[in-house]
Amino acid sequence: MEFDFTQLEPQSRYRLLTNFIGPRPIALVTTRSEAGHNNAAPMSFFNVFSHDPPIVVLGIQPRLSGEEKDTMANIRRTQEFAISMVDMTISRQMLVCGLGFDNEIDELSMAGLTAKTCSKIDASYPAEAPCVFECRIERLIDYPRRTLVLGEVVHMHVRRECLDEEGRYVDPERYQPIARLHADNYITSDRQFVLTAPPIADFIKPQDK
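Residues numbered from 1 in each chain as written. Predicted model: local features only at pLDDT ≥ 70, side-chain atom pairs only at ≥ 80, totals over all residues. Heavy atoms only, no water.

A. Structural view of the side chain of R146. Tracing the sequence through the fold places R146 in strand β10 (residues 146-158). Within the local environment of R146, its side chain forms a polar contact with the backbone oxygen of G59, the two atoms lying 2.9 Å apart. Excluding residues within four positions of it along the chain, R146 makes contact with F45, G59, I60, Q61, P62 and I141. (Helix = DSSP H or I, 4+ residues; strand = E, 2+ residues; numbered from the N terminus. Polar contact = N/O pair within 3.5 Å; in protein donor to acceptor, adjacent residues only side chain to side chain. Contact = heavy atoms within 4.5 Å.)

B. Region of the structure containing the sheet that holds strand β11 (residues 178-180). Strand order across the open sheet formed by three strands is β1-β11-β12, with antiparallel pairing between neighbours. Looking at the sheet topology across the chains shown, the edges are occupied by β1 (24-25) and β12 (186-188). For β1 and β11, the ladder comprises two bridges, and the chain directions are antiparallel. Residue pairing in the sheet places R24 in a bridge with R180 of β11. (Pairing = 2+ DSSP bridges.)

C. Seen up close, the sheet that holds strand β3 (residues 38-43). Pairing in this open sheet of seven strands is antiparallel, and the strands run β3-β2-β6-β9-β10-β5-β4 from one edge to the other. Two strands lie at the open edges of the sheet, namely β3 and β4 (46-51), each paired on one side alone. Here the average twist between neighbouring strands, direction ignored, is 35 degrees. Here strand β2 (residues 27-32) pairs with strand β6 (residues 80-85) via four bridges, running antiparallel. Considered in β6, the bridge of V29 is made with I83. Along the sheet, helix α2 (residues 70-78) contacts β2, β3, β5 (54-60), β6, β9 (131-143) and β10; its crossing angle with β2, the most-contacted strand, is approximately 55 degrees. (Axes fitted to C-alpha atoms, helices over the stretch in contact; angles between N-to-C directions.)

No statement about biological role is implied by the geometric values presented.
Have a look at this one:
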């Protein structure tokens, strides 16, 4: 089948993109509301795009009414946010944070998560998260139905048990983030395997002499 994205309506584009580009890591984004409450919301339009500078990107759409979501409004006002990765331990709490609470509700508290103050930005994050990225806005790119949020990572928290003995790489037995496939389907990284690239010499014939 062929799909002409220049002619396709937005909901069909969404369905095709999110069904076939996956799994997508989940960012549990926390921000500070204007009244000082903790706001938390999961986003699956998220990934890392650069290490130098360290840039992560969120794609946040408005509500159906066109009004900005609380997360986006807070990001614009404060110019900062935190991203917590999600594992099975906090998967149910992540779903609670995604419910449509009023903006004065503290989603971390509502989900039963422990709020911990960030080191370099004015936000909190769930202490139960395996790792957290504190971010400041690098730039915002606005489209009619989506804002791309480019955030520069300024600090990172990692639970010690998620790392190997040297503290350099993740321990795949302990750090197993979940990711979204499509609709309510998710995947966990507890089944990992190693793929090693063959040497290029296997594919290049020596020049004839």
